[in-house]
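Chain and residue survey
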Amino acid sequence: HYDTHSGVVAHVRIFSGQISQGEKIYLVGTKTEAKAEKVGIFKPHLTSKRVLKAGEIGFVLTNLKDIHKVLVGDTLTHSPTLKPNFSVLSGFKKPKPKVFASLYPVDENDYVRLRESLELLSLSDSSFEFRPELSGLLGRGFRLGALGSLHLQIIRERLEKEFSLETLLTAPRVKYKFKLRDGSWQTTDQIEKIDFSLVSEVFEPKAKIKVIVPAEFQGKIMEYLHQQRGTMINTQYLGNSQRLFLEYEVPLVLVVRGLFSKILSLSSGFASLDYSFSGYKKEELVKVDISIADKIFPALSFLAHKNEAYKEAREKVDKIKEVLPRQLFEVHIRAQVGSRVIAKAKLSPLRKDVLAKLYGGDRTRKDKLLKKQKEGKKKLKQIGNLHLPPEFFQKLSK
């Protein structure tokens, strides 16, 4: 854990030898020399001792201010200048994230605080990883990898309770490769920056997954993977044929957007999954642009497979209609591939009751007011300027 005054406090188990207060120490993983300012045990509070001996579990106050210098699972030993012969403890394996999400501060000014808070959290929870990410919709944030959906929620709640940070959790993006007509290549996850009129081929990142699952759930999982454009590589029964080993190649975006949780759901929690990046493959992907009130918003553009473009576009348009604030004029929402519209919706305008002040008189007065309102709405639709508040992008990205 991190102490504001003392720096990183390492929790240790002594396998052999001993470590004394004031002794020089060496962190093998980060090749860092430090000084054991204080050593001791948990009782349950930190209780200082002069020496920690083999078999004891306790703490070492390193006085290091850089938290990246102390890794969970690292080997701590005497300074090599004093005792150069030592062996690194084996068996440690860094946890592999199974679920990914993008994390953004609700207030953009909290970006630095969010980075520092995640660094401090990683001291006591080494099973998640994070790296900077930039979104055209929400600005600067972090790509977060965790062990599961519950783990993601725990991280978010700890940020809120321990650091008073309000954050937004969204689905992550992956990087695609684009071969341009002039023969050059471009790799990016910001689709809005790509001019598709200059693109000749699109290459999608793929992942190789390995699933071990009870044979009774085989049908459900294989059907789901085929629906998600998965390609079977290998399948075999293990042991007494009660368990099945499946090996598939799937789009990487499927893995980072919750494949692990879906597999667990389909197998009632009995499946286990491992994955690795397998490279890029050419796919028939199209860019879907979103226009609102006849204006294209590049930050809302996304890539979809040719056969799934309509379905994804329909879902996107319906969600925009749901979260978009109503305007004083009628708003048309369209999803289009190039100039071809593949899905659309219409958001009706806010209407003022112009007849509320009307009393008495004949029908012509009422018709006159309604006609005047209709003409005003028509004119406003032509010159109206649509402003999308930050809350709209936050709701849309959830």
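Everything in this summary refers to the structure shown in the same document. Counting starts from 1 at the beginning of each chain's written sequence and moves along it residue by residue. Totals for whole chains, interfaces and linings use all residues, but because this is a predicted model, local features are given only for residues with pLDDT of at least 70 and pairs of side-chain atoms are given and counted only at 80 or more. Excluding hydrogens and water, the side-chain values take into account all heavy atoms of the structure.

With respect to the overall build of the protein
To qualify as a helix, a DSSP run of H or I must reach at least 4 residues; to qualify as a strand, a run of E must reach at least 2; elements of each kind are numbered from the N terminus. In terms of helices and strands, the protein carries 8 helices and 25 strands. Only protein chains enter the calculation, and the probe is 1.4 Å; a residue is then buried if its accessible area is under 20% of its type maximum, exposed if over 50%, and partly exposed in between. Burial status across the protein gives 42% buried among its 398 residues. The contact rule is simple, with two residues in contact once any of their heavy atoms fall within 4.5 Å. Put simply, 63% of the contacts in the protein that link residues at least 6 apart link residues at least 24 apart.

Notes on the packing of helix α3 (residues 218-227) against helix α5 (residues 259-266)
Structural elements are reduced to axes, namely lines fitted to C-alpha atoms, with helices fitted over the stretch in contact, and the angle between N-to-C directions of any two is expressed from 0 to 180 degrees. Viewed as axis vectors pointing N to C, α3 and α5 meet at an angle of 150°, and their least axial separation amounts to 9 Å. For α3 against α5, the interelement crossing comes out right-handed. Within the contact between the two elements, α3 uses Lys220, Ile221, Tyr224 and Leu225 and α5 uses Leu259, Lys262, Ile263 and Leu266. Taken together, the residues of the contact of α3 with α5 break down into 6 nonpolar, no polar and 2 charged. A crossing counts as left-handed when the near helix is turned anticlockwise from the far one by less than a right angle, and as right-handed when that turn is clockwise. Ten residue types, Ala, Val, Leu, Ile, Met, Phe, Trp, Tyr, Cys and Pro, are classed as nonpolar, four, Asp, Glu, Lys and Arg, as charged, and the remainder, Gly among them, as polar.

A look at the nonpolar core
Side-chain atoms within 4.5 Å link the members of a nonpolar core, which is a set of buried Ala, Val, Leu, Ile, Met, Phe, Trp, Tyr and Cys residues. Within the largest apolar cluster, 53 residues are counted, with the highest numbers of intra-cluster contacts made by Leu118, Phe178, Ile209, Leu225 and Leu259. The dominant element in this core, judged by the number of residues it contributes, is strand β17 (residues 199-214), at 6 residues. Residues contacting Ile209, with those up to four places away along its chain left out, are Leu225, Leu246, Glu247, Tyr248, Val250, Val255, Leu259, Asp274 and Tyr275. Among the nonpolar cores identified, the runner-up in size contains 25 residues, and Ile290, Val317, Ile333 and Ala345 belong to it.

A short note on the pattern of salt bridges
Salt bridge, as applied in this entry: a Lys or Arg side-chain nitrogen positioned within 4 Å of an Asp or Glu carboxyl oxygen. This model, assessed by the stated rule, comprises 14 salt bridges. Lys281 is the partner of Glu249 in a salt bridge, and the nearest nitrogen-oxygen pair spans 2.7 Å. You can see Glu249 sitting in strand β19 (residues 243-251) and its partner Lys281 sitting in strand β20 (residues 272-283), a full 32 residues away along the chain. Taking the relative accessible area as the measure of exposure, Glu249 reaches 13% and is therefore buried. If you follow the salt bridges from partner to partner, you end up with Glu204, Lys206, Arg229, Glu283 and Glu308 in one network.

Side note on the sheet that holds strand β5 (residues 32-35)
DSSP calls a pair of strands paired once it identifies at least 2 bridges connecting them. Within the open sheet, the 3 strands sit side by side as β5-β4-β10. Their pairing is antiparallel. Single-partner strands in this sheet number two, and they are β5 and β10 (76-78). Between one strand axis and the next, the sheet turns through 35° on average, direction left out of account. Across 4 bridges, the pairing between strand β4 (residues 24-27) and β5 is antiparallel. Within the sheet, the bridge partner assigned to Lys24 lies in β5 and is Lys35.

Structural notes on the sheet that holds strand β14 (residues 167-170)
The 4 strands lie next to each other as β12-β13-β11-β14, forming an open sheet whose pairing is antiparallel. The sheet is open, and its two borders are formed by β12 (129-135) and β14, each paired with just one other strand. Mean inter-strand twist for the sheet, computed between neighbouring axes without regard to direction, equals 30°. As paired elements, strand β11 (residues 99-105) and β14 share 4 bridges and run antiparallel to each other. Paired with Leu103 across the strands is Leu169, a residue of β14. Its contacts with the sheet put helix α1 (residues 111-124) on β11, β12, β13 (139-146) and β14, and the angle it makes with β13 is roughly 15°. Lying on the sheet, helix α2 (residues 149-163) is in contact with β11, β13 and β14; it crosses β14 at an angle near 165°.

As for the pairing of β5
Across the two faces of β5 the burial differs, with Thr32 and Ala34 buried and Glu33 and Lys35 not buried at all. Taken together, β4 and the strand that follows it, β5, pair antiparallel across an intervening segment of 4 residues, in which Lys31 is found at a positive phi of about 50°.

With respect to α5
Along α5, the residues that are buried comprise Leu259, Phe260, Ile263 and Leu266. The arc enclosing the buried residues of α5, seen along the axis, measures out at 130°, which places them on a common side. If you follow the buried residues of α5, they end up packed against β11, β17, α3, β19, α4 (252-256) and β20. Phi turns positive one or two residues past the end of α5, at Ser268, with a value near 55°. Picture the helix axis, draw a direction to every C-beta atom, and the arc is the one those directions span.

So far we have only geometry, and geometry alone does not tell us how the molecule works.
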